[in-house]
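# Architecture and fold: a report
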Amino acid sequence: VSHNNSRPVAVAGGGIGGLACALALARHGFQSVVLEQAPAFGEIGAGLQVAPNALAVLEALGVTDAKMNCLAIDGVEMFDAVTGEKFIDIPCGAEFEERFGNPYAVAHRSDIHGALLRACQSSGLVELRTDSHVAGFEVSNGGVSVKLSSGAIENVAALIGADGINSQIRRAIVGDDEPLCPGAVVYRALIPAADMPREEQKRHPTIWAGPRAHMIYYPIRDQSAFNFAITIMNAELAKRGQGKASREEAIGALKLHHEIPRHLISIPGEFGRYLLRYREPAANWTLGPVTLLGDAAHPMVQYLAQGAAMALEDAICLGECLVESKGNFAEAFESYQTIRIVRSARVQISALMMDKLLHADGVERLVRNSMFMGRTPGEYYDRLSWLYTSPWYVR
Ligand SMILES: Cc1cc2nc3c(=O)[nH]c(=O)nc-3n(C[C@H](O)[C@H](O)[C@H](O)COP(=O)(O)OP(=O)(O)OC[C@H]3O[C@@H](n4cnc5c(N)ncnc54)[C@H](O)[C@@H]3O)c2cc1C
C-alpha cells in the first residue's frame, strides 16, 4: 500500500483512542505502528455509552460494524433515589436523531474496540504490535526515538501518546503527578437480561441519583445483557483500590434506601471495583512531533460518558490537521491541540460538575429536582447541543 510518510508514526497504546488514531491516519495515507504494552489487544470493562458525537466519528472512519454493534436507545431517565420520583426524562427517538445526526447508543466495549481493531488489521497501513511497553522518547533532528522497556529503540517520524490516564508520554510533556482520586469507587457488573426484573428491562439508561452515590444501568447487545455501574463517594472504600468485590461489599457500601436500587444491587454475584480518577485540564500536551490523545491528554470522571467519545474526536481531528499541514507533524500537532483543547477541557470540567447533579443531598437535592422537572425535550436538546453536535472536523 502506498503511503505519505517514509518512516511510520508511532502510536503508544491500542485502546479505543490509539486504534481510532491509527485509522484516522491511514484514511489519509499515513502509516503507523501501534505499540501496545499488553500481550493482546482488548478492552476491559463492559458497557459503553456511544453518544451521537461518538457515532459520527465511527461513521466518518468507515467503521460500520462498530455502529452495527450499537443498540440505539429510546431515552434517558433519572430518578431521585430518596423519593423515587423521576426528575429527568430525555426522549432520544426520531427528534433527537434528527437534531444531532445520530441516535444515542450503547454497546459492549469490546464490540467497538474489536471493530476498530479489524479495521486497522485490514487497512494495510497500520502495524499492530503487542508486548511493547513504551518507556520514553527523545526528539531528535527530524524525528523521534521511542524507547521500549525491552531496550529496543524505534525511530519514527512522530509519536502520539494514546497510553491512557497513566501515560508515560504525558509525564515527559505535562509533568503532572499521579491522577487525582476524589475518594470514590465504581462497582461494575454485567448481568444477563434473564436476571433483570421485567419492569426494569427498559431500552434506555436508567439512573438513580442519591446522596453521595448513584446507580446507572442500561441494556447492551440486543438487550440480552445489562451493564451496571454504581458510583459511591467513600474515601474509606477507595483505600481498597481496584479489584474484584463481592456482592456483600457492594450492598454494604450502597446507602441508597429506595427499594429498586437496593434490590438491583443484590443481583450481580460479583463486581469489579474501580477507582474514580481524573486530571485537571492541561494547558499544553504537545512537544514538537510528540502529542497526546484520549485519556492521556484529558482524562475525566465518567459522569458525562464522554471519555471514549473525546478520544474518537481527537483522532479524527488529528488526521484532518495532518492533511492540512501536508504531513508536517509538529505543525499538525500544534493545530490539533489548539482545536481540541477547549472542547475537551470543557467536557472534563462539565463532567466534574455533574457530581452536583448526581450526588446532591438535602436542600440541594430539592433544588436540583425543581430545576429539571418539567423540561421539554427541546430544552434538553438545546442544553446538550454543544456536546452532542459534532464539530466541523468530524466528516
Ligand atoms: C466507569 C467508567 C465508565 C465509562 N463510561 C464511558 C462511556 O459510557 N462512554 C465514553 O465515551 N467513555 C466512557 N468512559 C471513558 C472511557 O473508558 C475512556 O475515556 C477511554 O477508554 C479512553 O481511551 P484511551 O484509548 O484514551 O485510553 P485507554 O482505554 O486507557 O487505553 C490505553 C492503552 O494504552 C496501553 N498502554 C498504557 N501505557 C502504555 C505504555 N507505556 N506503552 C504502551 N501501551 C501502553 C494500555 O494497555 C491501553 O491498551 C468510562 C470510564 C470509566 C472509568
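A separate point is the side chain of aspartate 80. Structurally, aspartate 80 can be placed in strand β5 (residues 75-80). Within the structure, aspartate 80 has its side chain in polar contact with the backbone nitrogen of threonine 83 (distance 3.5 Å). Ignoring sequence-local partners within four residues, the contact set of aspartate 80 consists of Glu85, Phe87, Trp208, Ala209, Arg365, Arg368 and Asn369.

The subject of this paragraph is the site of the ligand. The environment of the ligand is formed by 29 residues, the closest being Gly17, Glu36, Gln49, Val134 and Asp295. Within the contact set of the ligand, an oxygen atom lies 2.9 Å away from a side-chain nitrogen or oxygen of arginine 109. Surface burial for the ligand is 83%, taken as the share of its 1,000 Å² of free accessible area covered by protein chains. Broken down by secondary-structure element, the contributors of at least two residues to the shell around the ligand are α1 (16-27), β3 (47-50) and α10 (307-324). A class-by-class count of the residues in the shell around the ligand yields 8 nonpolar, 15 polar and 6 charged.

Turning our attention to the environment of aspartate 163. Position of aspartate 163 relative to the elements: it lies in the loop between β12 (158-161) and α6 (168-173). Take aspartate 163: its relative accessible area is 22%, and that puts it in the partly exposed class. In this structure, the C-alpha to C-alpha distance between aspartate 163 and leucine 293, residues 130 residues apart in sequence, is 8.1 Å. Those residues within four positions of aspartate 163 in sequence are excluded, and the remaining contacts are Ala12, Gly13, Gln168, Ile169 and Ala296. A distance of 3.0 Å separates a polar side-chain atom of aspartate 163 from the backbone nitrogen of glutamine 168. Here the side chain of aspartate 163 touches isoleucine 169 through a polar contact of 3.4 Å, landing on its backbone nitrogen.

This part covers the sheet that holds strand β7 (residues 105-108). Adjacent strands of a sheet form backbone hydrogen bonds with each other and so pair up, either parallel or antiparallel. The strand order β3-β7-β4 describes an open sheet built from 3 strands, whose pairing is antiparallel. Each having just a single partner strand, β3 and β4 (71-72) make up the two edges of the open sheet. Direction of pairing for β4 relative to β7: antiparallel, over a ladder of 2 bridges. In the sheet register, leucine 71 faces β7, and the bridge partner there is valine 106.

So, how was this worked out
- Residues numbered from 1 in each chain as written.
- Predicted model: local features only at pLDDT ≥ 70, side-chain atom pairs only at ≥ 80, totals over all residues.
- Heavy atoms only, no water.
- Helix = DSSP H or I, 4+ residues; strand = E, 2+ residues; numbered from the N terminus.
- Polar contact = N/O pair within 3.5 Å; in protein donor to acceptor, adjacent residues only side chain to side chain.
- Contact = heavy atoms within 4.5 Å.
- Near = heavy atom within 4 Å.
- Areas by Shrake-Rupley, 256 points an atom, 1.4 Å probe, with all protein chains shown as cover.
- Nonpolar A, V, L, I, M, F, W, Y, C, P; charged D, E, K, R; others polar.
- Buried < 20%, exposed > 50% of the residue type's maximum accessible area, 1.4 Å probe, protein only.
- Pairing = 2+ DSSP bridges.

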